[in-house]
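Coordinates in review
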Amino acid sequence: MAPPAEQIVDVEADVAESPAETATPPQGDAKVPAGRGAPSVLAGRYLIFPGRPAPDLDGPTAKAFHVEDRKEADSKLFALIVPPDIPDRTNRGDSLRKSSLSGALKPIEWGAVEWPPYGQSCRAVVYERPTGGRVMTPGERHPGFNNTRDLQRLFIEPIVTTIREFHVMGMTHRGIRPDNMFYADTGRQRVILGDCLAVPPGYDQPILFETIERGICQPAGRGAGDTREDLYALGVSMVFLLLGLDPVPRLSDEELIDRKISDGSYATICGSERIPVSLLEVLRGVLSDDPMESWGLDEIQLWIDGLRMTPIQRKAVKKADRGFPVGDKEYDNLRTLALGFSRHPELAIKTLREGHLIRWVRRSLDSPDIAVAMESALTDLDAAKGDRQRAEAEMIANLCLRLDPEGPIRYKGMAFLPEGIGPVFAAEMLRGDPKDIIDVILRGIHKNWFRGQAQAQAFEKRLDAMEKWLRAPVLGSGPERCLYEFNFTLPCQSPLVAGRHVTDLSELIRALDTVAEDVDPKKPPVDRHVAAFIASRLGNEVDAHLAVMADPSLDRQVLGMLSLLALVQWRTGIETLYGLTRWMGGQVGPALETYHSRQRRHDIERDIPKLARKGSLTELYNRIEDPEARQEDYRGFLAAQKSFHEAEEDINAVQSRALDRATMEEAAQRVSAVVAVIFTIFASIMIFLSRN
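What counts as what
Residues numbered from 1 in each chain as written. Predicted model: local features only at pLDDT ≥ 70, side-chain atom pairs only at ≥ 80, totals over all residues. Heavy atoms only, no water. Helix = DSSP H or I, 4+ residues; strand = E, 2+ residues; numbered from the N terminus. Buried < 20%, exposed > 50% of the residue type's maximum accessible area, 1.4 Å probe, protein only. Phe/Tyr/Trp six-rings, centres within 6.5 Å; stacked < 30°, edge-to-face > 60°. Polar contact = N/O pair within 3.5 Å; in protein donor to acceptor, adjacent residues only side chain to side chain. Axes fitted to C-alpha atoms, helices over the stretch in contact; angles between N-to-C directions. Parallel < 35°, antiparallel > 145°, perpendicular 65-115°, else oblique. Contact = heavy atoms within 4.5 Å. Nonpolar A, V, L, I, M, F, W, Y, C, P; charged D, E, K, R; others polar. Salt bridge = Lys/Arg side-chain N within 4 Å of Asp/Glu carboxyl O. Pairing = 2+ DSSP bridges. Arc of directions from axis to C-beta. pLDDT = per-residue confidence, 0-100.

1. Remarks on the overall build of the protein
Secondary structure assignment for the protein yields 27 helices and 13 strands. Within the protein, buried positions represent 51% of all 692 residues.

Set out below in structure tokens:
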């Protein structure tokens, strides 16, 4: 098999970098410190101690543990351990590590380690320990900043600079909050942002720190956003630091979202607090709920430089004089009504059918177009065939988009923005039933979201690709392909490599080589997850191989599988795969059966153990699918056919001649018998006449 040509795979900015490093056991004379439990080892250098947690550095999801560096014993390090079912952002690790960024934690190393508390491999991210501690601990009161100049010098200016540096790198932090800020020095004069790699964007953010649109989403579905989200979180953090506490501690998440929609973020967060006049301007700017009016980096930099301006505050949403009840709450505007619909879909449908809600929308909110849309939705629902529950959920989802075009997609309890679909898809898939998230795509609900946006969305093409894969049930496509295309750091979920945290092709092919000794040799080494994982890394380069695997004939499927694995071995540069080659050698029987020559089949079967000892899948493929051998076998088959036909003709001719002789002899015998009978009768008559 000829090596395939190089190809660059076009991947989204947040899914494009850095293969994961593989954990290796300690080497040389390194000793594990006594009494601290056996450490997990990252990159053969960093000892991570499960028995030595570092709660002062914990994240809400990824927990921190003490780390010792075998090469630099004096280093003060810690590691965050990512739960195995969370798609992290470590693919951006190289960007951060190589950058000149000084206002955020920069990863020193990351990769998979064996982690006993989870009973499997997990991703670890190693950072230098900030010596000044956490700025604010959740649930604890902070003294607050009476001097706004200190707040600007210590926090606002350096964090704005850091957000700008992230922007230049083409990414966002999406974890800006006081408990994820640390003092980099013991004198507490330099503040840095904490981890932004261990969880999906915005995953750990309290709703208070998220814009309205992203706060409505489930944590996994908030998306990376842009500088607006980071500046908004900075604005909320400023209020925390000014007051030393949560400004709205008594509001539940639902109440907080409702209040933000009805009164605006600034009024909700700052309305009842005494905010210094010098900060009113910047807070109004970064907490504006209108994406077109909220401050960006340029506006806040002008404020830092001393140029004062008056931010345009978005007008409050149009409210009805009297709210309409859905469930246990009343809703007085379209955006909150969408929340009510998504929270109580069955009640929403019942209320729509009764007609009171439609009349209320038409009269109290003066929205006849929305009322018409509701009536049309009911008509379409009544005409729908098939799964009634799904039709109702689709109707509610589309009505929510009509009521709140800026909000997320809401379907059967899910709520996400299209750019956050990757982690949501992973959550649904790993939970065991991705049917609902697949419905969103196949029923075109995402297209309705894009139609409601004022600006073109580049991510729409990505979801078009997802739809294409979902409609193709073959290996290398389907939901498995979507899982890995939209969660590039998620480990391969194939049962064949379960628990090994396989995140790149070299890890995959080595893992398959390792498990070859323990699996049923009749089981194929490429299942739907393995095929999709490879396809997500190599793109169109594997299309031909997958097409062969999709052939209905078993011999073609086996050859496609072998050629695919051979391609991966060639692309990863791994020279020997003894176990996997032997495993595939036991799978190729159907391909051998396509040879006509029994002797040739015997010769190849005899060579397979030798090829397995070489560990080359390419050589195994070339031995089985040698074009010259195939042609020679075919020519031999044609020659044998010709010889057979000639022999058959000779036999037929001989048999024909023999048949002719037998027929003549039989006719002669019959004539002789007739003559004998006639002669006997004639003789009898002559005797009779002579006597008379």
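Picking up after the structure, the text goes on.
2. A look at the packing of aromatic side chains
Taken as a whole and judged by the stated rule, the model has 9 aromatic pairs. A ring pair is formed by Phe 155 and Tyr 183, whose centres lie 6.5 Å apart and whose planes are at 70°; its orientation type is edge-to-face. Here Phe 155 is found in helix α2 (residues 148–168), whereas its partner Tyr 183 is found in strand β8 (residues 181–183), with 28 residues between them in sequence. When sorted by exposure, Phe 155 lands in the same class as Tyr 183, which is buried.

3. Remarks on the environment of Arg 623
Inspection of the secondary structure assignment puts Arg 623 in helix α26 (residues 617–624). Taking the C-alpha atoms as reference points, Arg 623 and Leu 611, 12 residues apart in sequence, are found 8.8 Å from one another. At 2.9 Å, the side chain of Arg 623 and the side chain of Asp 607 are in polar contact.

4. Examining the packing of helix α10 (residues 345–354) against helix α11 (residues 356–364)
Here α10 crosses α11 at 75°, and the two axes come no closer than 4 Å. Judged on the interaxial angle alone, α11 and α10 are roughly perpendicular. Note on element contacts: α11 touches α10 through His 356, Leu 357, Ile 358 and Arg 359, opposite Thr 351, Leu 352 and Glu 354. Considering only residue class, the contact of α10 with α11 consists of 3 nonpolar, 2 polar and 2 charged.

5. What to know about unusual backbone geometry
Located in the positive-phi region is Asp 366, a residue other than glycine, with phi close to 50°. Relative to the elements of secondary structure, Asp 366 occurs in the loop between α11 and α12 (368–383). Residue class for Asp 366 comes out exposed when judged on its relative accessible area of 54%. In the Ramachandran plot, Lys 412 falls in the positive-phi region, its phi being about 50° despite a non-glycine side chain.

6. Description of the pattern of salt bridges
Two side chains carrying opposite charge are able to pair once their charged atoms lie near each other. Tallying each qualifying case throughout the model produces 45 salt bridges. In this structure, Arg 388 and Glu 392 form a salt bridge, with 3.9 Å as the shortest nitrogen-oxygen distance. Placement of the pair is Arg 388 and Glu 392 together in helix α13 (residues 388–403), with a separation of 4 residues, close to one helical turn. Asp 607 serves as the salt-bridge partner of Arg 606, at 3.8 Å between the closest nitrogen and oxygen. Look at Arg 606 and you get partly exposed, because its relative accessible area is 47%.

7. With respect to the environment of Gln 569
As for its placement among the helices and strands, Gln 569 is situated in helix α22 (residues 554–572). Remark: the alpha-carbon pair of Gln 569 and Ile 509, spanning 60 residues in sequence, is separated by 7.1 Å. Setting aside anything within four residues of it in sequence, one finds Gln 569 in contact with Ile 574, Glu 575, Thr 576, Leu 577, Gly 615, Ser 616, Leu 617 and Thr 618. Here the side chain of Gln 569 touches Leu 617 through a polar contact of 2.9 Å, landing on its backbone nitrogen.

8. Examining the pairing of strand β5 (residues 77–82)
For a regular strand, the rule is simple: side chains alternate between the two faces of the sheet. With 6 of 6 residues buried, β5 lies mostly within the body of the structure. Taking every second residue as pointing to the same face, both faces of β5 are buried, with Leu 77, Ala 79 and Ile 81 on one and Phe 78, Leu 80 and Val 82 on the other. In the sheet, strand β4 (residues 63–69) pairs with β5 via 5 bridges, with the strands oriented antiparallel. Following the sheet pairing, His 66 is matched in β5 by Phe 78. As paired elements, β5 and strand β7 (residues 120–128) share 6 bridges and run antiparallel to each other. Its bridge partner lying in β7, Leu 77 is registered against Glu 128.

9. Section: the pairing of strand β3 (residues 46–53)
In this structure, strand β2 (residues 40–42) lies alongside β3, joined through 3 bridges in antiparallel fashion. Residue Ser 40 lies in a different strand from β3, and its bridge partner there is Ile 48. The turn joining β2 and β3, which pair antiparallel and follow one another in sequence, is formed by 3 residues; a positive phi near 55° is taken by Ala 43. The sheet contact formed by β3 and β4 spans 4 bridges and is antiparallel. By the bridge assignment, Tyr 46 is partnered in β4 with Asp 69.

10. So, helix α17 (residues 460–470)
Looking only at α17, the buried set comprises Arg 462, Leu 463, Met 466, Glu 467, Trp 469 and Leu 470. The arc enclosing the buried residues of α17, seen along the axis, measures out at 165°, which places them on a common side. Along α17, the residues that are exposed and aim more than 90 degrees away from the buried face are Lys 461 and Lys 468.

11. A few points about the environment of Ser 294
By the element assignment, Ser 294 lies in the loop between α7 (277–286) and α8 (297–304). Along the chain, Ser 294 and Tyr 232 lie 62 residues apart, while their C-alpha atoms are 8.8 Å from each other. With near-sequence residues (within four places) excluded, Ser 294 lies in contact with Arg 228, Gly 285 and Ser 288.

12. Description of helix α9 (residues 334–343)
Among the 10 residues that make up α9, 7 are buried, leaving the element largely enclosed by the rest of the structure. Turning to α9, its buried residues are Arg 335, Thr 336, Leu 337, Ala 338, Leu 339, Gly 340 and Phe 341. Of the residues that open α9, the one with a side-chain oxygen 3.1 Å from the backbone nitrogen of Arg 335 is Asn 333.

13. Section: the packing of α17 against helix α18 (residues 478–485)
Across the interface, α17 lies against α18 with an axial gap of 7 Å and an inter-helix angle of 150°. Classified by the angle between their axes, α17 and α18 sit roughly antiparallel to one another. Along its contact with α17, which presents Arg 462, Met 466, Trp 469 and Leu 470, the element α18 presents Gly 478, Pro 479, Arg 481, Cys 482 and Glu 485. Grouping the constituent residues of the contact of α17 with α18 by class yields 5 nonpolar, 1 polar and 3 charged.

14. Some points on the confidence of the model for the protein
Confidence in the prediction for the protein averages 88 pLDDT; 86% of positions are at 70 or higher. Throughout residues 1–35 the model reports pLDDT below 50, and contacts reaching past four residues in sequence, or to other chains, amount to 78 contacts.

15. Side note on the side chain of Glu 210
For Glu 210, the position within the fold is in the loop between β9 (191–193) and α3 (212–216). Judged by relative accessible area, which is 1%, Glu 210 ranks as buried. Excluding residues that lie within four positions of it along the chain, Glu 210 makes contacts with Arg 174, Gly 202, Gln 205, Gly 215, Arg 222, Tyr 232 and Lys 260.

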